[in-house]
Amino acid sequence: MEEETKGDYKASRGIGSFKSTLSGRSSPRSSPSFKRLHSSRTPRREARSSGGVQWFRSNRLLFWLLLITLWAYLGFYFQSSWAHSNNKVNFLGVGNEASNDKSDAEQNQRRDLLDSPVKLKNETGQNQPEAGKTIDVVLAKNDDGVASRRSLSSKKKSKKAARGKSHGKPKKTVAIEIHEIEEQEPDIPKTNASYGMLVGPFGSTEDRILEWNPKTQTGTCDRKGDFSRLVWSRRFLLIFHELSMTGAPLSMMELATELLSCGATVSAIVLSKKGGLMPELTRRRIKVLEDKADHSFKTAMKQDLVIAGSAVCASWIDQYIDKFPAGASQIAWWIMENRREYFDRAKVVLDRVKMLAFLSESQSKQWLDWCEEEKIKLRSQPAIVPLSINDELAFVAGIGCSLNTPSSSIEKMLEKMKLLRDAVRKEMGLTDNDMLAISLSSINPGKGQLLVLNSARLVIEEEPQPDNSKIKNSVRKGRVRSALARKHHIRALLQGSNDHSASLNGFPLSTESSVHFKEDQKKHLHLHNRFASVDDTDAMNFDVTYKRKVLADNGGTVKQSAKFLIGSVGSKSNKVAYVKELLSYLSQHSNLSKSVLWTPSTTRVAALYSAADVYVMNSQGLGETFGRVTIEAMAFGLPVLGTDAGGTKEIVDHNVTGLLHPLGHPGTQVLAKNLRLLLKNPELRKQMGVKGREKVERMYLKRHMYKKFVDVLLKCMRPK
């Protein structure tokens, strides 16, 4: 019996029985018996019996760390998504009951409130809607124009106020936003009752005749060019000062599109959402950052280059450099204004950015003179990067570009452009004998539309000129000449005008625009009289010959008349008070009002250029900085009548691609005379248009602009 007990005991010890376990508990871990009892448990058997549980027990700390990390990541992810989403209230189907109960009508009412003029209280940042609800002005709009519906507690407001007092910089931003609100004016209804004759836009007509829509275009990058190689896989941040359909925002939008099509990553900051380009930015997949402060500054620091597209961007640049001083070395500032008020706004940071870029030589010289007056020393020599026409307009105008295909060659596009011209003019109610002069700038005193209407009135009412006696004498002399001699005389004058215009320091084709000659130039004085005869005598005789030819062909009477089209109705850059002044002027001159057309602001301008015969650029003050619309009109073969100032006189070659006239009221008479000259000389219009088109093909296509932009990128962009 004892032997059986001993055998069982040995067996139990060998297999690690319950008894051995109990004996192990009572034995010290360092005792030989304890070690002997547990020596039979090999690692393999232990792992097979309790591997998963044992691993969990030994790595419990690591497991909890992973769980906490995952929880924190999910929390930050959902919080960030909620903060940056357009529909914060209904994110993941969760929102406060008060906000969810709001109807669509109430939400639309809030959108209208944000788009309407706002009256600010004297000492508060709040405005009062119709329902009496108080909304803080500091609350920014979302991307879709809807204000954030989060209600701020008094504690959060006090914290924001404390932060604002401690830093001081945010005050400048608030002041800018309030200034933008004050500039918004109630627009005039875009109806015929308001403007008399409102035509266009003609986007559907373009699509039907051209059989092509620019919205289907995905990219026009020249993969073999230096610009494409430089920007590939790079990151850019573009600063828009506004979203109006004017030169600067349109140029920045097209730059962003080109960067994207060349393989770059592009983000955009919009300082003011005034204008109608936001849907177009969305269509072109240009990412617009909602935040204009800390988030945008941090984003800018990660970019290879920051490109600011207006002098109005000075406040953002100033705050960004104060926040990140090193970021100044990655800023290229493309300034597109030339008035002193813009210089005064930008001068505080002109010497801090890496490089400035201007649109024309005259603008660059003007800003450098102002810098010298203020003793501002720039970090580098400014670059000259003039604007260009985009491929979409070049394509419709029949100029070779990246959009041409065998089915849409240059010859076919020229034919379609003629068809487009006929269709649009028919919709406008114009005949073949009407000369349409257009001006598509934003409507404000700086663009001089009221002076254009004054000149148009002189043309339509055919008021007698001050030098009427001289005209009669020259007409009497002109009748002695034969018809063949007159034709040869006109041809010789037109061919020699370009050679001799340098000898005249004025406007050779207009007697009233001539200026004083130097003593050594008196030998060329007879040229002035010859040009005067072109303006008065030969132009009239040429018109008579032309009319007789048409009468012989048609067997009826032909009446030459001028029509004028003023564009950009409804643009956010328009001055409503000035528009009302134009309408009041037209109401006082009924004959003029019958000859004036209006068209809404649009990016589909190819139809308007196709239908036109003359383009008028009448910018006042220092003149137009460059004039994007000027080169667009020249691309469509239009002669340009522009002021002798700013970038216009650099683009327009007097007597070759157009005619120049003085600024202000003195230029009104000269502009009227130039309009009469082109009205009575269709062949002269055609010749000037051809020369202007050739100049655009030589200097102002997209490839020319980006070739000059390469120098800016090489000097400013962060190396890889």
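Source: prediction; values computed, not measured.

*Asks:* An account of the state of the cysteines is requested, with residue identities and associated values reported.
*Replies:* Taken as a whole, this structure holds one disulfide when the rule is applied. Between the sulfur of Cys221 and that of Cys262 lies a disulfide, 2.0 Å long from S to S. For the disulfide bridge between Cys221 and Cys262, the dihedral angle about the S-S bond is near 105°, and by the sign convention the bridge is right-handed. A residue pair is termed long-range when its members are at least 10 positions apart, and Cys221 in the loop between helix H11 (203-210) and helix H12 (226-231) and Cys262 in the loop between helix H13 (247-261) and strand S4 (265-270) qualify at 41 residues. Side by side, Cys221 and Cys262 carry an identical accessibility label, which is buried.

*Asks:* Provide a residue-level description of the nonpolar core, including the pertinent values.
*Replies:* Ranked by internal contacts, the top residues of the largest apolar core, which has 94 residues, are Phe227, Phe236, Leu238, Trp334, Met428, Tyr609 and Tyr615. Here Phe236 is in contact with Val231, Leu259, Ala264, Thr265, Val266, Ser267, Gln303, Leu305, Ile307, Leu713 and Met717, once residues within four sequence places are set aside. In terms of nonpolar packing, the next biggest core, distinct from the first, is built from 37 residues, Val459, Leu675, Leu679 and Met688 among them.

*Asks:* Got a sec to walk through the sheet that holds strand S15 (residues 658-661)? Specific residues and values, please.
*Replies:* In space, the six strands of this open sheet follow the order S12-S11-S10-S13-S14-S15, with parallel pairing throughout. The open sheet terminates on both sides in strands that have one partner only, identified here as strand S12 (596-600) and S15. The average angle at which neighbouring strand axes cross in this sheet is 25°, direction not considered. When strand S13 (residues 614-617) meets strand S14 (residues 640-643), the two strands line up parallel, connected through three bridges. Bridge pairing in S14 links Val616 to Leu641. Together, S13 and S14 form the strand contacts of helix H28 (residues 628-635), whose direction differs from that of S13 by roughly 170°. Running over the sheet, helix H30 (residues 666-680) touches strand S10 (434-439), strand S11 (561-569), S13, S14 and S15 and is turned about 160° from S15.

*Asks:* Please give an account of the packing of H13 against helix H32 (residues 702-716) that cites residues and values.
*Replies:* At a closest axis distance of 13 Å, the pairing of H13 and H32 adopts a crossing angle of 80°. Classified by the interaxial angle, the pair formed by H13 and H32 is roughly perpendicular. In this structure, H13 uses Glu254, Leu255 and Glu258 to contact H32, whose residues at the interface are Lys702, Tyr706 and Phe709. By residue class, the composition of the contact of H13 with H32 is three nonpolar, no polar and three charged.

*Asks:* Explain helix H20 (residues 410-428) to me, and be specific about the residues and the numbers.
*Replies:* Residues that lie three or four places apart on an α-helix share one face, since the helix turns once every 3.6 residues. Its 19 residues give H20 an end-to-end C-alpha distance of 27 Å, which sits within 8% of 27 Å, the value for a rise of 1.5 Å per residue. On its buried face, H20 sits against H11, helix H19 (391-397), S10, S11, S12 and helix H27 (606-611). Just past H20, the residue Gly429 takes up positive phi, approximately 85°.

*Asks:* I'd like a description of the confidence of the model for the protein, backed by residues and values.
*Replies:* The predicted structure's coordinates, where accompanied by low pLDDT, should not be read in detail. Averaged over every residue, the pLDDT of the protein is 74; residues scoring 70 or more account for 62%. Note that pLDDT drops below 50 for residues 1-25; the model gives that stretch 12 contacts with residues more than four away or on any other chain. Counted against residues more than four places away or in other chains, residues 463-557, with its pLDDT under 50, gives 112 contacts.

*Asks:* Could you give me a rundown of the packing of aromatic side chains, with the residues and numbers involved?
*Replies:* Enumeration over the complete set of coordinates arrives at 15 aromatic pairs. Between Trp316 and Tyr320, the aromatic rings sit 5.1 Å apart at their centres with planes inclined by 20°, giving stacked as the arrangement. Separated by four residues within a single helix, Trp316 and Tyr320 lie in helix H16 (residues 314-323), roughly one turn from each other. Tyr320 carries the same exposure label as Trp316, and that label is buried. Plain terms: the ring middles of Phe626 and Tyr700 are 5.8 Å apart, the flat faces sit at 70° to each other, and that makes the pair edge-to-face. Placement of Phe626 in the loop between S13 and H28 and of Tyr700 in the loop between helix H31 (682-699) and H32 is noted, with a sequence separation of 74 residues between them.

*Asks:* Give me the environment of Pro386: which residues, what numbers.
*Replies:* Structurally, the position occupied by Pro386 is in the loop between strand S9 (383-384) and H19. Through-space distance from the C-alpha of Pro386 to that of Arg628 is 8.9 Å; in sequence the pair is 242 residues apart. For Pro386, the residues in contact, after removing those within four places along its chain, are Phe358, Leu359, Phe626, Tyr700, Met705 and Lys708.

*Asks:* Describe the sheet that holds strand S8 (residues 355-358), naming the residues involved and giving the relevant values.
*Replies:* Pairing is parallel in the open sheet, where seven strands are placed in the order S5-S4-S3-S6-S7-S8-S9. The outermost strands of the open sheet, each flanked by one partner alone, are strand S5 (287-289) and S9. Sheet topology places strand S6 (residues 305-308) next to strand S7 (residues 331-334); three bridges connect them, and they run parallel. What sits directly across from Ile307, in S7, is Ala332. Sitting on the sheet, H13 is in contact with strand S3 (235-240), S4, S6 and S7, with an inclination near 165° to S3.

Rules used in this analysis
- Residues numbered from 1 in each chain as written.
- Predicted model: local features only at pLDDT ≥ 70, side-chain atom pairs only at ≥ 80, totals over all residues.
- Heavy atoms only, no water.
- Disulfide = S-S within 2.5 Å.
- Helix = DSSP H or I, 4+ residues; strand = E, 2+ residues; numbered from the N terminus.
- Buried < 20%, exposed > 50% of the residue type's maximum accessible area, 1.4 Å probe, protein only.
- Core = buried A, V, L, I, M, F, W, Y, C linked by side-chain atoms within 4.5 Å.
- Contact = heavy atoms within 4.5 Å.
- Pairing = 2+ DSSP bridges.
- Axes fitted to C-alpha atoms, helices over the stretch in contact; angles between N-to-C directions.
- Parallel < 35°, antiparallel > 145°, perpendicular 65-115°, else oblique.
- Nonpolar A, V, L, I, M, F, W, Y, C, P; charged D, E, K, R; others polar.
- Expected span 1.5 Å × (residues − 1).
- pLDDT = per-residue confidence, 0-100.
- Phe/Tyr/Trp six-rings, centres within 6.5 Å; stacked < 30°, edge-to-face > 60°.

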